[in-house]
Amino acid sequence: MEAEKLEFFNPKVPLDFQYNNRVGIGIERYLRGLGERKILGSKCPQCGKVAVPPRTVCGKCSATMGEFVEVSQEGTLENFTVGHVQLVKGQRLEKAESPYVVGLVRLDGVDSLLLARISGVDPSDLKVGMRVKAVWRDEVQGDYADLDHFQPA
Ligand SMILES: [Zn+2]
């Protein structure tokens, strides 16, 4: 007896999920601040350290950081890297159209570093320690992309 040939039904099912995550009070306040072109941090009531984006627990002394403070939109470029490839659709790397810069910015009066895109300057002119300022996108809506990049001050 000949074995029955099985054919499997393999439908392609596109899965498109929408997630609604609670980001926590600190990030929620941070995003609301960005929607008003403000950069908010949290301040430790015990040691006075200021963190951006806001944290709920101080990284230095572990106290609860419940106070939100508006911080400066200018700071110092503490480090940077120049990218030549980009991730496309979260799947593959391709050569970027032009080099781009990602840097760590220490805003004035803030103790933490903020990872941000650096633009408006030739990468070869960048120097650690240079002054930079925030540049907002034209229409803000309360998300991370509102703070578009930093450029030399
Ligand atoms: Zn502290």
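Described below are features of the structure shown in this document. Every value quoted in this text rests on a predicted model; they were computed, and no experiment measured them.

**Thoughts on the overall build of the protein chain**
Now for step 1: Counting secondary structure elements, the protein chain contains one helix and eight strands.
Now for step 2: In the protein chain, the succession of helices and strands from N to C terminus is α-β-β-β-β-β-β-β-β.
Now for step 3: By the burial criterion, 22% of the 153 residues in the protein chain qualify as buried.
Now for step 4: When contacts within the protein chain are restricted to residue pairs at least 6 apart in sequence, long-range pairs at least 24 apart make up 50% of them.

**Topic: the nonpolar core**
Now for step 1: Grouped together as the largest cluster of nonpolar side chains are 23 residues, with contacts concentrated most on Val52, Val105 and Leu107.
Now for step 2: Secondary-structure elements contributing two or more residues to this core are α1 (25-34), β2 (50-51), β5 (92-107), β6 (114-118), β7 (131-136) and β8 (147-152).
Now for step 3: Not counting residues up to four positions away in its chain, the partners in contact with Val105 are Gly75, Leu77, Glu78, Leu113, Leu114, Ala116, Val132 and Phe150.

**Remarks on the sheet that holds strand β1 (residues 40-43)**
Now for step 1: Read across the open sheet, the three strands follow the order β2-β1-β3; overall the sheet is antiparallel. Among the strands making up the open sheet, the edge pair consists of β2 and β3 (67-70).
Now for step 2: Here four bridges tie β1 to β3, and the two strands are oriented antiparallel to one another. Paired with Ser42 across the bridge in β3 is Phe68.

**Looking at the environment of Gly48**
Now for step 1: As for its position among the elements, Gly48 is in the loop between β1 and β2.
Now for step 2: A sequence separation of 86 residues divides Gly48 from Ala134, and the C-alpha atoms of the two residues are 24 Å apart.

**Here's the deal with α1**
Now for step 1: Those residues of α1 lying buried are Gly26, Tyr30, Gly33 and Leu34. For α1, the arc enclosing every buried residue in end-on projection is 100°, short of the 170-degree limit, so these residues lie on one face.
Now for step 2: In the core, the buried residues of α1 are packed alongside β1 and β8.

**Structural notes on the environment of Glu67**
Now for step 1: Residue position: Glu67 is located in strand β3.
Now for step 2: Here Glu67 falls in the exposed class, since 12 other C-beta atoms lie within 10 Å of it.
Now for step 3: For the pair Glu67 and Val110, spaced 43 residues apart in sequence, the C-alpha separation works out to 14 Å.
Now for step 4: Here Glu67 is in contact with Ser42, Lys43 and Pro45, once residues within four sequence places are set aside.

**Concerning the pairing of β1**
Now for step 1: What you see with β1 is no split at all: Leu40 and Ser42 on one side and Gly41 and Lys43 on the other are buried throughout.
Now for step 2: By the bridge criterion, two bridges tie β1 to β2 in an arrangement that is antiparallel. In the strand pairing of β2, Lys43 is matched with Val50.
Now for step 3: Here β1 folds back onto β2, and the loop between the two strands holds six residues, one of which, Gly48, carries a positive phi near 85°.

Calculation rules
- Residues numbered from 1 in each chain as written.
- Predicted model: local features only at pLDDT ≥ 70, side-chain atom pairs only at ≥ 80, totals over all residues.
- Helix = DSSP H or I, 4+ residues; strand = E, 2+ residues; numbered from the N terminus.
- Buried ≥ 20, exposed ≤ 12 C-beta atoms within 10 Å, placed from the backbone.
- Contact = placed C-beta atoms within 7 Å.
- Core = buried A, V, L, I, M, F, W, Y, C linked by C-beta atoms within 7 Å.
- Pairing = 2+ DSSP bridges.
- Arc of directions from axis to C-beta.

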